[in-house]
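Inside the fold
Here is what each chain is made of, one letter per residue.
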Amino acid sequence: MHESEFLIVGAGIVGLALARELIEQGAERIIILEKESGLGFHASGRNSGVLHAGIYYPPNTLKAQLCLKGNLLLQDYCQQKGLPLVKAGKVIVARDESELPTLLQLHDRAKENGAWVEMVDEKQLASIEPNAKTVKQALYSHYTALIDNKAILNSLQQDLMQSRRVKFLFSAAFKSLKDEFTATTTKGNIRFKQFINTAGAHADRVAHHFGVGKDYYFIPFKGIYHKLKPEKAHLVNGNIYPVPHLGNPFLGVHFTKNINGDVYVGPTAIPAFGRENYGILQGIDREMLKIVLNEIMLYCVNPEFRKVALEEPKKYLPAYFYRDAKKLVKELEPGWLARAPKVGIRPQLISLRDKKLLMDFLVVKERHSLHILNAISPAFTSSMAFAKYIVREYFKGFNAN
């Protein structure tokens, strides 16, 4: 039987950052359980590779408190470790005049959150992103950056292994609780003093074994991408985003030039039929019916979800996807876009009681277990600040020896 002080389920960015912070605070024996054979199989390895800057989130939320701090911590980490980092910035453009009030609201929100942003006119925008198109004004974010997410995951793993205080168990899935301090897994039983659930798209399932979060359930949304032909990649310098609908947590199809110089366009936010439904049928299992029933329930009672459900599936059609992307730029032809193999799943937490999408991170501590639910964007950006927050607020003064 394995023995640990902290058993962390899920080796995504949040789990790794938490282990790193616990080690820095004196923890001696951490086990990280990961059901896949390696790192980055899901959200942490499939996202856009953008470090966000705290623009979108209401100031009293965890996302607002942690995003910018996490951005700067990860930038420092990349510089210390010599990992790829491009300080590309980002522009948020208005597709029509009706979006200008929201753009100004984002400016004010970003300022309150400490982000370095400025309103620019069309001439200034042209000097930053010559191909970006806006109506009268755009918002320019200086702190938005680009990283290699898998390089960061691998570097953190090396740091943790070199500490000799962290053990990774790959291809090992959490199954249930044997007793209050023993988890059963596909690789045997593991004793723990504290259990930390960072299981991403499966975090609600894990929490339910502890009697936690029974009113919450994940609905998966599929993000598909297209890619600009290499000879057209020069048309984008960094990141071009639309003004989002602040009533839902999705940022809309956007242009991102990654650290290799490739320009990705996406992602969508299409309601999916499985937590790992990356292909047409891949990842669909017997849970599909429950997912569909919850989607129907939300469609009937939640106007914001209804907008997403009606709009996003249309983006499966190349012509519709192209028209959506074309609103952000001056030059774009349908033939310049090719479907990219990269597909992501965003596990969006819903409240079954309130029948709504949760917009913020959710942390629940129950006796000897802590559960991080709804760790969606900007969770990667926020991860190191998130870890410091968790250890400070929930494990302050723990006696690691």
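Worth saying up front: this structure is predicted, and the values here are computed from it rather than measured.

A few words now on the overall build of the chain. Helix and strand content of the chain: eleven helices and 23 strands. For a compact globule of 401 residues, the expected C-alpha radius of gyration is about 21 Å, and the chain comes in at 21 Å, within 12% of that figure. When its C-alpha atoms are laid out on the principal axes, the chain stretches across 65 × 45 × 40 Å. Across the 401 residues in the chain, those meeting the buried criterion constitute 57%. Considering only intrachain contacts with a sequence separation of at least 6, the fraction spanning at least 24 residues in the chain is 73%. Summed over all atoms, the accessible surface of the chain reaches about 17000 Å², with 52% contributed by carbon and sulfur. Within the chain, the 39 negative side-chain charges are centred at a point lying 3 Å from the centre of the 53 positive side-chain charges.

Let us now look at the nonpolar core. Counting 47 residues, the largest nonpolar core has L16, L22, I30, I32, I152 and I390 as its most contacted members. In terms of residues, this core owes the most to one element, helix α11 (residues 379-394), which gives nine residues. For I32, the residues in contact, after removing those within four places along its chain, are I8, G10, A11, L16, A19, L160, V166, K167, F168 and L169. L235, V265, V329 and L337 belong to the second-largest nonpolar core, a separate cluster that totals 25 residues.

With that settled, the discussion passes to the UniProt feature "domain: FAD dependent oxidoreductase" (unreviewed entry) in the chain. Mapped onto this numbering, the UniProt entry annotates "domain: FAD dependent oxidoreductase" (unreviewed entry) at residues 6-391. Span residues 6-391 is 32% helix and 27% strand, its end C-alpha atoms 12 Å apart.

So, how was this worked out
- Residues numbered from 1 in each chain as written.
- Predicted model: local features only at pLDDT ≥ 70, side-chain atom pairs only at ≥ 80, totals over all residues.
- Heavy atoms only, no water.
- Helix = DSSP H or I, 4+ residues; strand = E, 2+ residues; numbered from the N terminus.
- Rg over C-alpha atoms; globule rule 2.2 N^0.38 Å.
- Buried < 20%, exposed > 50% of the residue type's maximum accessible area, 1.4 Å probe, protein only.
- Contact = heavy atoms within 4.5 Å.
- Areas by Shrake-Rupley, 256 points an atom, 1.4 Å probe, with all protein chains shown as cover.
- Lys, Arg positive; Asp, Glu negative; His and termini not counted.
- Charge placed at Lys NZ, Arg CZ, Asp CG, Glu CD.
- Core = buried A, V, L, I, M, F, W, Y, C linked by side-chain atoms within 4.5 Å.
- UniProt positions renumbered as here; feature names shortened; annotations may be inferred.

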